[in-house]
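Below are the chains, spelled out letter by letter.
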Amino acid sequence: MKFSGYGTTEWQAQGAYVENPAGEKYLDCAGGYGMFSLGHRHPRVISAVKNQLDIMPMSAKVFFNRPMADLAERLAGISPGNLKYSFFCNSGTEAVEGALKLARLKTGRTGIIAAHNAFHGKSLGALSATGREIFRKPFAPLIPEVVHVPFGDTDALKTAIDQKTAAVIIEPIQGEGGIVIPPDGYLKAARELCTKNGALLIADEIQSGMGRTGKMFAVDHWNVEPDIMCLAKALGGGVMPIGAFMGTPEVWDAFRENPLIHTSTFGGNELACRAALETIAVIEDEDLIANAVRMGDYLMSGLEEIRRDFPDIVAEVRGKGLMIGAELTKEKFGGSVIMEMAKRKVIGVYTLNKPRVIRFEPPLIIGREEVNICIKAFLESVAETRKRFS
Ligand code: PLP
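Here the structure is a predicted model, which means the values were calculated and not measured.

What counts as what
Residues numbered from 1 in each chain as written. Predicted model: local features only at pLDDT ≥ 70, side-chain atom pairs only at ≥ 80, totals over all residues. Heavy atoms only, no water. Axes fitted to C-alpha atoms, helices over the stretch in contact; angles between N-to-C directions. Helix = DSSP H or I, 4+ residues; strand = E, 2+ residues; numbered from the N terminus. Parallel < 35°, antiparallel > 145°, perpendicular 65-115°, else oblique. Left-handed = near helix turned anticlockwise from the far one by under 90°. Contact = heavy atoms within 4.5 Å. Nonpolar A, V, L, I, M, F, W, Y, C, P; charged D, E, K, R; others polar. Phe/Tyr/Trp six-rings, centres within 6.5 Å; stacked < 30°, edge-to-face > 60°. Buried < 20%, exposed > 50% of the residue type's maximum accessible area, 1.4 Å probe, protein only.

A. Fine view of the packing of helix α11 (residues 288-309) against helix α13 (residues 368-389). Between α11 and α13, whose axes approach to 10 Å, the crossing angle comes to 20 degrees. Regarding the angle of α11 to α13, the classification is roughly parallel. Crossing angle aside, the handedness with which α11 passes α13 is right-handed. Contact residues: Met-295, Tyr-298, Leu-299, Gly-302, Leu-303, Ile-306 and Asp-309 in α11; Arg-368, Val-371, Asn-372, Cys-374, Ile-375, Phe-378, Leu-379, Val-382 and Arg-386 in α13. Split into classes, the residues belonging to the contact of α11 with α13 amount to 11 nonpolar, two polar and three charged.

Given below as structure tokens:
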């Protein structure tokens, strides 16, 4: 962290900026790996949480819980297809755990298909679906019958899927895998293959959801309707931890026999649900999805110009909305670019499963001025990196 220019302490934050104890401000272009879609401390979410704190922060777990019910209803209204039901938990990896369990319960099968380089979390079940050996190997054996296929390859999926497959779990746009957008038609084909084989399609929207990619959910770019969808990160507005997995009534029916078969003490607490309800309202009221498209296009074109001028350092710029990756030509350039950006008070980070990709996931509230700061910092950092290695 010190080498990368982060040898300081975070102290306070507001909007798109994080401040250290010395009062130095950093523009947050990493956005907490997709958590800070509303920026830091959005006043409406802070206020909603403060109000709820004075009423009832945690659920007694026996009565009807109004904020949780309201949130489930709200999510059902904005999600693709017929995802009418939600289970609330406290993180992304928990949402994936629940989704995998539900898929097994519903289908009575145990096979899971995931993608190479996928990132679904690091608890044991989710880690089994995560597709990077460096995270998996020390904890082997993981859960059995999980296979990985190349992301975006319909033929590979067709070969792998069979009557033993409970679910195919996919990030509609891979985040930690290096901001990878599948070919058009891939997710639709995955949907069809699942339906044909009696398997469920799980969309992991933990990073790509809540407006990040210029649609409320990334599957909306291709009009694909999953059977189960996982959410977390930005759902809590950058104020409260909350995760969720959602499902269609048909799938949810599996919980009917024993509703206590999957539970969480903290999951669905009033505080987190209030934060999530306010987050959805802010996304709509402030038209943040449209801003993600506008600022995303603007940022992409700025980064693309840098790629044209520095093809020896930047290989490719890709993304949708404000989920953008700049792939460097060599992994060794990553540390230098990040360090130089930090020197210029811009927070940039690489993707976990592909360190040569610098990710840009700034808050959806940013304007042109902040995007200009980000582009300038990246330009100078790339130029410094060329000098350093030439
Ligand atoms: N799924 C995806 C797509 C993610 O990007 C992440 C985290 O980066 C997770 C799951 C795991 O979420 P968490 O870190 O909240 O457990």
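B. Up close: the packing of aromatic side chains. With the rule as written, the count across this model stands at nine aromatic pairs. Taking 5.7 Å as the distance between ring centres and 75 degrees as the angle between the ring planes, the aromatic pair formed by Phe-151 and Tyr-186 counts as edge-to-face. Here Tyr-186 lies in helix α8 (residues 186-197) and Phe-151 lies in the loop between β6 (146-149) and α7 (154-160), a separation of 35 residues in the sequence. One exposure class covers both Phe-151 and Tyr-186, and it is buried. Centre to centre, the rings of Phe-360 and Phe-378 are 5.3 Å apart; their planes meet at 90 degrees, and the pair counts as edge-to-face. With Phe-360 in strand β15 (residues 354-360) and Phe-378 in helix α13, this pair connects stretches of sequence that are 18 residues apart. Taking relative accessible area as the criterion, Phe-360 reaches 0% and is therefore assigned buried. Here the aromatic cluster, defined as three or more aromatic residues joined through ring pairs, consists of Tyr-85, Phe-87, Phe-245, Trp-252 and Phe-255.

C. Just the packing of helix α12 (residues 333-343) against α13, in detail. Here α12 crosses α13 at 130 degrees, and the two axes come no closer than 8 Å. Viewed along their axes, α12 and α13 adopt a mutual orientation that is oblique. For the element pair α12 and α13, the recorded crossing hand is right-handed. Between α12, through Phe-333, Ser-336, Val-337, Met-339, Glu-340, Met-341 and Lys-343, and α13, the contact on the second element is made entirely by Ala-377, Phe-378, Ser-381, Glu-384, Thr-385, Arg-388 and Phe-389. Of the residues contributing to the contact of α12 with α13, the split by class is seven nonpolar, three polar and four charged.

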